[in-house]
Amino acid sequence: MNLRRRHKIGAEVNTSSLNDIMFFLLLFFLLASTLVAPHVIKVTLPKAATGQTVPKKNLNVSVTKTGEYFIDKTPVNEAQLEETLKSYQGKAEEVTVIISADSAAQVQPFVNVMDIASRYKLKLVVAAQKKD
């Protein structure tokens with residue numbers, strides 16, 4: 001007679017709650033990634049106490065600290081910048097030029113963009129971070 005009984009103890013991990021958490025994290029990151037502006041060059045903006053709202057059609061002009069110009073993430077030289085801004089001359093009421101200059105950039109490239117835009121009578125907005 002065999003009196004010994006064998007009991008197998010099985011280890012189980014219930015992962016259904018972990019699957020829910022991973023799904024919500026994935027959904028959050030997908031939604032958050034759609035809110036990021038893909039046509040913006042990363043520059044450190046200067047700080048200002050006042051702000052301004054921006055119309056719907058924008059032309060983003062970025063000036064890096066080395067003095068390089070970018071129009072919607074596309075590198076351009078000063079002549080190409082002037083041609084592009086000139087092409088928007090008749091549409092001045094629809095288009096706003098947003099200048100994003102790095103806070104460590106020299107003033108002259110920034111003034112060049114402002115001069116070209118004002119020469120063709122385009123609306124200008126200077127991007128800045130709000131002071132804390």
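- As annotated in an unreviewed UniProt entry, the chain carries the name Biopolymer transporter ExbD and is attributed to Solitalea agri.
- Checking UniProt for the chain, the heading Sequence similarities (unreviewed entry) contains the comment "Belongs to the ExbD/TolR family."

1. Quick look at unusual backbone geometry
Line of reasoning, step 1. Phi is positive for Lys-73, which is not a glycine, with a value near 75 degrees.
Line of reasoning, step 2. Summarising the element assignment, Lys-73 is placed in the loop between strand S3 (69-71) and strand S4 (74-76).
Line of reasoning, step 3. Not every positive phi belongs to a glycine, and Lys-121 is a case in point at roughly 55 degrees.
Line of reasoning, step 4. As for its placement among the helices and strands, Lys-121 is situated in the loop between helix H3 (107-119) and strand S6 (123-126).

2. Some thoughts on the sheet that holds strand S2 (residues 57-63)
Line of reasoning, step 1. If you walk across this open sheet you meet the 5 strands as S4-S3-S2-S5-S6, and the pairing is mixed. The sheet is open, and its two edges are formed by S4 and S6, each paired on a single side. The sheet shows a mean angle of 30 degrees between the axes of neighbouring strands, direction not considered.
Line of reasoning, step 2. The pairing of strand S5 (residues 95-101) with S6 spans 4 bridges and is parallel.

3. What to know about a nonpolar patch on the surface
Line of reasoning, step 1. On the surface, Leu-18, Ile-21, Met-22, Leu-25, Phe-28 and Phe-29 cluster together into a nonpolar patch covering about 630 Å² of accessible area.
Line of reasoning, step 2. Checked against the element boundaries, Met-22 lands in helix H1 (residues 16-34).

About the criteria used
- Starting from 1, residues in each chain are numbered consecutively following that chain's sequence as written.
- With the structure being a predicted model, the display of local features is reserved for residues of pLDDT at least 70 and the display and counting of side-chain atom pairs for 80 or more, all residues being used for whole-chain, interface and lining totals.
- Just so you know, side-chain values use all the structure's heavy atoms and leave hydrogens and water out.
- UniProt positions are given in the numbering used here, feature names are shortened, and annotations may be inferred rather than shown by experiment.
- Helical segments are the DSSP runs of H or I of at least four residues, strand segments are the runs of E of at least two, and each set is numbered from the N terminus.
- Here, strands pair whenever DSSP counts at least two bridges between them.
- Each axis is a line fitted through C-alpha atoms, taken for helices only over the stretch in contact, and angles between the N-to-C directions span 0 to 180 degrees.
- For patch building, the residue pool is restricted to those with more than 30% relative accessible area and no salt bridge; the joining distance is 9 Å between like charges and 5 Å between nonpolar side chains (Val, Leu, Ile, Met, Phe, Trp, Tyr).
- Working definition of accessibility: Shrake-Rupley area with a 1.4 Å probe, residue cover restricted to the visible protein chains.
- We define a salt bridge as a contact between a side-chain nitrogen of Lys or Arg and a carboxyl oxygen of Asp or Glu at a distance within 4 Å.

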